[in-house]
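Structural features, examined
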Amino acid sequence: MDSNELLEPFERMLETISSPAQVRAVEQGASAASLWDELVQSGFLDALVPESAGGAGLALADVEPLWRALGRHAVPVPVAETMAARFLLAEAGVDAPQGPIAFAAARPGQDAIVPFGLVAEHVLVDLGDGMVLASVASGQAEPTGVAGSLAARMRWDRVPDGPGPPAPEHGLRPMAAVLRAAAMAGAAARLLDMTTAYANERVQFGKPIGRQQALQQNLAVMAEDTVACRLAAQLGCAGGVVPTLAAAATAKSVTSASAARIAATAHAVHGAIGVSEEYDLQLYTRRLHEWRLADGSESYWNRLLGRARLASGDSSVDWVRAQVFA
Amino acid sequence: MFDTLALASLPPEDEALRPAIRELVARAVADMPVDRRARSWQGFDAAFSRRLGQAGFLGLNLPKRYGGQERGPFARFVVVEELLSAGAPVAGHWIADRQSAPLICNYGTEAQRAFYIPRICKGEALFCIGMSEPGSGSDLASVRTRAEKTATGWLLNGQKIWTTNSLHSDYMIALLRTSGKPEDRHAGLSQLIVDLRLPGVTIRPIVDLTGDAHFAEVFFENVELADDALIGREGEGWKQVTAELAFERSGPERIYSSVVLLDAWVRHLRETGRADDATLAMVGGFTARLATLRAMSIACTARLALGESPVVEASLVKDLGTHFEQELPVAIGDDLAGHPDEPASTELYRTLLYVTQVAPSFSLRGGTREILRGIIARGLGLR
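Just so it is clear, the structure is predicted and the values come from calculations on it, not from any experiment.

Basis of the calculations
Residues numbered from 1 in each chain as written. Chains lettered and ligands numbered in written order. Predicted model: local features only at pLDDT ≥ 70, side-chain atom pairs only at ≥ 80, totals over all residues. Heavy atoms only, no water. Axes fitted to C-alpha atoms, helices over the stretch in contact; angles between N-to-C directions. Helix = DSSP H or I, 4+ residues; strand = E, 2+ residues; numbered from the N terminus. Parallel < 35°, antiparallel > 145°, perpendicular 65-115°, else oblique. Left-handed = near helix turned anticlockwise from the far one by under 90°. Contact = heavy atoms within 4.5 Å. Nonpolar A, V, L, I, M, F, W, Y, C, P; charged D, E, K, R; others polar. Disulfide = S-S within 2.5 Å. Buried < 20%, exposed > 50% of the residue type's maximum accessible area, 1.4 Å probe, protein only. Buried area = accessible area lost by both parts, 1.4 Å probe. Salt bridge = Lys/Arg side-chain N within 4 Å of Asp/Glu carboxyl O. Polar contact = N/O pair within 3.5 Å; in protein donor to acceptor, adjacent residues only side chain to side chain. Pairing = 2+ DSSP bridges.

**Here we look at the packing of helix α2 (residues 18-29) of chain B against helix α5 (residues 73-86) of chain B**
All names here are of chain B. Across the interface, α2 lies against α5 with an axial gap of 10 Å and an inter-helix angle of 25 degrees. If you check the angle between α2 and α5, you find them roughly parallel. The two elements α2 and α5 cross, and the hand of that crossing is right-handed. Residue-level contacts link Arg18, Ile21, Arg22, Val25 and Val29 of α2 to Val78, Val79, Glu81, Glu82, Leu83 and Ala86 of α5. Partitioned by chemical class, the residues of the contact of α2 with α5 number seven nonpolar, no polar and four charged.

**Observations concerning the state of the cysteines**
Disulfide: a covalent bond connecting the sulfur atoms of a pair of cysteines. Per the stated rule, a full pass over the model turns up zero disulfides over all chains. In this model Cys237 of chain A remains outside any disulfide bridge; the closest cysteine sulfur is found in Cys229 of chain A, 13 Å from its own. For Cys237 of chain A, a relative accessible area of 1% corresponds to the buried category. Take Cys128 of chain B: it sits in no disulfide, and the sulfur closest to it among the cysteines is that of Cys121 of chain B, at 18 Å. Accessibility expressed as a relative area gives 0% for Cys128 of chain B, which makes it buried.

**A closer look at the interface of chain A and chain B**
Facing the 46 residues of chain A at the interface are 49 residues of chain B. The contact between chain A and chain B buries some 3900 Å² in all, and 66% of this surface belongs to carbon and sulfur atoms. Three residues stand out in chain A for area buried against chain B, namely Glu224, Leu310 and Val317 of chain A, and they jointly supply 17% of the buried area on that side. Put simply, chain A and chain B have five salt bridges between them. As a salt-bridge pair, Asp318 of chain A and Arg22 of chain B come within 2.8 Å of each other at their nearest N and O atoms. Taken together, the connections running from chain A to chain B amount to twelve residue pairs in polar contact (both at pLDDT 80 or more). Broken down by secondary-structure element, the contributors of at least two residues to the side of chain A that touches chain B are α6 (173-201), α7 (213-236), α8 (245-270), α10 (298-310) and α11 (316-323) of chain A. Here the side of chain A that touches chain B takes 15 residues from α7 of chain A, the largest share from any one element. In terms of residue class, the side of chain A that touches chain B is built from 21 nonpolar, 15 polar and ten charged.

**So, the sheet that holds strand β5 (residues 140-143) of chain A**
Residue and element names in this part refer to chain A. Read from one edge of the open sheet, three strands run β2-β6-β5, paired in antiparallel fashion. Looking along the sheet, the strands with just one partner apiece sit at the ends: β2 (112-114) and β5. Taking each pair of neighbouring strands and ignoring which way they run, the sheet shows an average axis angle of 35 degrees. Relative to strand β6 (residues 152-155), β2 runs antiparallel, the two sharing three bridges. Within β6, the position partnered with Ile113 by the bridge is Arg153.

**Quick notes on the environment of Gly29 of chain A**
Note that Gly29 of chain A resides in the loop between α2 (20-27) and α3 (33-42). For the pair Gly29 of chain A and Leu118 of chain A, spaced 89 residues apart in sequence, the C-alpha to C-alpha distance is 9.2 Å.

**Considering the side chain of Gln112 of chain B**
Residue and element names in this part refer to chain B. Checked against the element boundaries, Gln112 lands in helix α7 (residues 110-121). Within the structure, Gln112 has its side chain in polar contact with the backbone nitrogen of Thr109 (distance 2.8 Å). Once residues within four sequence positions are removed from consideration, Gln112 is found in contact with Ile104, Ile117, Ile193, Asp228, Ala229, Leu230 and Ile231.

**As for the pairing of strand β4 (residues 171-177) of chain B**
Residue and element names in this part refer to chain B. Taking burial as the measure, the seven residues of β4 include seven buried ones, the bulk of the element. Both faces of β4 are covered, namely the face carrying Tyr171, Ile173, Leu175 and Arg177 and the face carrying Met172, Ala174 and Leu176. Both strand β1 (residues 127-130) and β4 contribute to a ladder of four bridges, which runs parallel. Paired with Ile129 across the strands is Ile173, a residue of β4. Judged from the seven bridges that link them, β4 and strand β5 (residues 189-195) form a sheet pairing that is antiparallel. Residue pairing for β5: Arg177 is matched across the bridge by Leu189.

Here it is as structure tokens:
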């Protein structure tokens, strides 16, 4: 299938169900149920599920543009996680629940920050030695206290009840890393569009601020980082549904390292209006900062990647060709 | 924005070139110390360039009737990646293969194509590019060196500077003022082929801060050129040069200038067995960036393969790539000297200092950082 044939209807749906006003409403406690119903009915949640199990059987590379669109629209529910979870459940022959599924890495008794934990109904919990699909209600979930955030601080005091599909080889984190990287690339692209448009509109000293070379230089770097995020996310999603450690590490390392720079430039160009709640910029910069920390930051993935790289006698180019581009 | 720059893969038929070029390169660099390999772009070895030509690794994108391979940009990506990542000496054929031959092929007369391109493809005609002049670097439209029309051809007077590899070259493709004044800017500029053995040509090497002399000043004093020295049409030089620079900026060569140092450092870490968190994170961070830049460069190559001229995208990859190339020696220097009780070999130390000293040139050659960012800003609709 042509990637635009897939992306265009998905984008149209997100424009109607995830406008900035709707995103804010969910962030302020309104129900996401009707939004979720639309997603369920659209069939996109089963995009990765094999055709034999009633899904569309798409590859990760096909779905990556959709995950980027989720970030570009700041969609306030865990769509990418649910798509990936439904694939893992289908592979294990487990029926997927209707509601939104979040991802968590949490051993019993240990707190974990779970993106979308406040709006999920289920959590696929990576316990370190296996996975459980737990209901949110089976654990303790508290807001993080970050204004507008949909993440929850979650904890299970013992291994939760629920089906236990086999975990992928390196656990859930590589899958979480690539879907997060794609969403970050999407949020970054939205920020670049917003910031460039603002620089062309905002007049100071008698001309649009974007006419100033100093701003142009910073926006050019922002564009470079944004494109790097997209390519890194695409690299992460180029293999099978379960990415290799090296591909996941590349995707999350580059997007996380770029995130802070991209958010900083977006705010610097916008000036004071950018830090107000009522302006949309914060919806995307907050997500970039939260997602940078989620599923391992750049240094977490860099350490994993560095260990793997040093274990090989190959040249850097050969190693990257064999491990990241494989 | 820039959505056309998307992940692409190298076609299997071009990947298939890799073992043969790798074998050729391995033989050429086998006895070279690492700091010689790190010179790659500056490494001159005419015999190696001829061997590449004989083996069919030059003129990869050029028509077969002129001795080329008619393969396309992906083939060149594979060959250049192999050359640079191993630190092969590419200076001999580099400019002729990358810029001069495509230029002559696109704009030259049939006679010029038939005369120059087959020799370039064999690695036997070496070229340099005369763009910069004293006072005209990034502002190329201000060139003053003139070629006056005479009854039999052109009379050349003036001076070029920073012409890479002119000492070893047979020809220069020079950007010259053929009509009007420097105030006329882009109008009145043309490109002419200058045989560097002609009377009136003087070449004076400029020794660089590492002790090498790869660029030079070239003086022209009443140099007589034949009519057919002109490439394309009189006054079209600016248009031709712009297209040429876009081609120069889009290849894999904008990622790999420090990769020989990176590999030498990784070998050092393996030998010492140092694997603390900070070291691992540093190795991993560079690896992730290298992989992403490679993906960006291949994405750019894919646009070239479609016949596009991805000017903005190439600028974007070049600026990010040279930033990476320049950061490597700084970080590796801090890492090695940050472990003073774990001495680096003399060879690694020399390589580090060589790359550190030449690194400023990585973001100068082929368009300075600030000019490239201006091009990107134009692509963003800001100017």
